[in-house]
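Tertiary structure, described
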Amino acid sequence: MTCRRLVLPVLCLLLAVLGTAGQAQAVGYRYWSFWDRNSTADAADTWVYATQGPSTARPSDGDVQGFRFSVSEDSKDSAKPRGSADFATICAKTPAREGSKRVGLVLDFGTTADAPSGSTPPRPRTACARIDDDATTADALAAVAKPLRYDTNALLCAIAGYPTTGCGEPVADDRPKTSTSPGEEPKSKPSDGKGNGDGGPSVGLLAGIAAVAALGTAAIWQARRRRN
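Bear in mind the structure is a predicted one, so any value in this text is a computation, not a measurement.

**Here's the deal with the overall build of the chain**
Within the chain, the regular secondary structure consists of 4 helices and 8 strands. Along the chain direction, N to C, the helices and strands of the chain fall in the order α-β-β-β-α-β-β-α-β-β-β-α. Out of the 228 residues belonging to the chain, those deemed buried represent 36%. In the chain, once contacts between residues fewer than 6 apart in sequence are set aside, the share between residues at least 24 apart is 68%. Surface summary for the chain: the accessible area is close to 13300 Å², and the carbon and sulfur share equals 54%.

**A look at the state of the cysteines**
Chemically, a disulfide is nothing more than a covalent bond linking the sulfur atoms of two cysteines. Per the counting criterion, the structure on display carries 2 disulfides. Disulfide partner of Cys91: Cys128, at an S-S distance of 2.0 Å. A torsion of 105° about the S-S bond marks the disulfide between Cys91 and Cys128 as right-handed. With Cys91 in the loop between helix H2 (87-90) and strand S4 (100-108) and Cys128 in strand S5 (residues 125-132), this pair connects stretches of sequence that are 37 residues apart. Its relative accessible area of 4% is what places Cys91 among the buried residues. Between the sulfur atoms of Cys157 and its disulfide partner Cys167 the distance amounts to 2.0 Å. With the S-S dihedral at roughly -75°, the linkage between Cys157 and Cys167 falls on the left-handed side.

**Description of the environment of Val103**
In this structure, Val103 sits in strand S4. You can call Val103 buried: its relative accessible area is 0%. Distance in space between the C-alpha atoms of Val103 and Ala140 is 7.2 Å, their sequence separation being 37 residues.

**Brief notes about unusual backbone geometry**
The omega torsion across Lys146 and Pro147 is -5°, close enough to zero to call that bond cis. Note on placement: Pro147 falls in the loop between helix H3 (137-144) and strand S6 (149-150). A cis amide bond, omega -10°, links Tyr162 with the succeeding residue Pro163. By the element assignment, Pro163 lies in the loop between strand S7 (156-158) and strand S8 (170-172). Even without glycine at this site, Ala154 takes up a positive phi of about 65°. One can find Ala154 in the loop between S6 and S7.

The rules behind each value
Residues numbered from 1 in each chain as written. Predicted model: local features only at pLDDT ≥ 70, side-chain atom pairs only at ≥ 80, totals over all residues. Heavy atoms only, no water. Helix = DSSP H or I, 4+ residues; strand = E, 2+ residues; numbered from the N terminus. Buried < 20%, exposed > 50% of the residue type's maximum accessible area, 1.4 Å probe, protein only. Contact = heavy atoms within 4.5 Å. Areas by Shrake-Rupley, 256 points an atom, 1.4 Å probe, with all protein chains shown as cover. Disulfide = S-S within 2.5 Å.

Structure below.
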């Protein structure tokens, strides 16, 4: 049946609006994620999302930590650092020294798909940082990967000068996805009032659905009144 009568056009419009509600585009965020290399004697090395930020984490001598720049929609799709270099390999040319510790760092600048417009990500690399015994991961980064850039909330925005602009900015989900590794990301950014923050329909869309539904009810009532 086609939408030709008075009631049906309104109902068809309602169905069209409802159909778009489930297709709202999700939003991801472009940022540096922070990881710990978990090494055990009976299992292969795995990356685990860090439970602290680099400014408060205090690694031990022999630890390996990683950073990955990517776009992540939520905590389930944050990309892990690439590469399998272990501490012995990363710090092979950095001998131990009393009063200091060595931390292996894996720096993955991500892919072209995750890069800000006009930017080309550097190749992934590793570095061995020798720092004081009580130093943090941020100190390790500062020792081997300057310049670093932070925002006013101490969010890490750039490592070795990459990227040159931006910091945790939202990215529409109409781009190729490359962040598929599981992990946890920092707390989601608050909604801007245009959506519910989880990829669902926005407040404006829900209001529009309600308005169309009201019009549909009124049209049906008018049609029945005319027939009577």
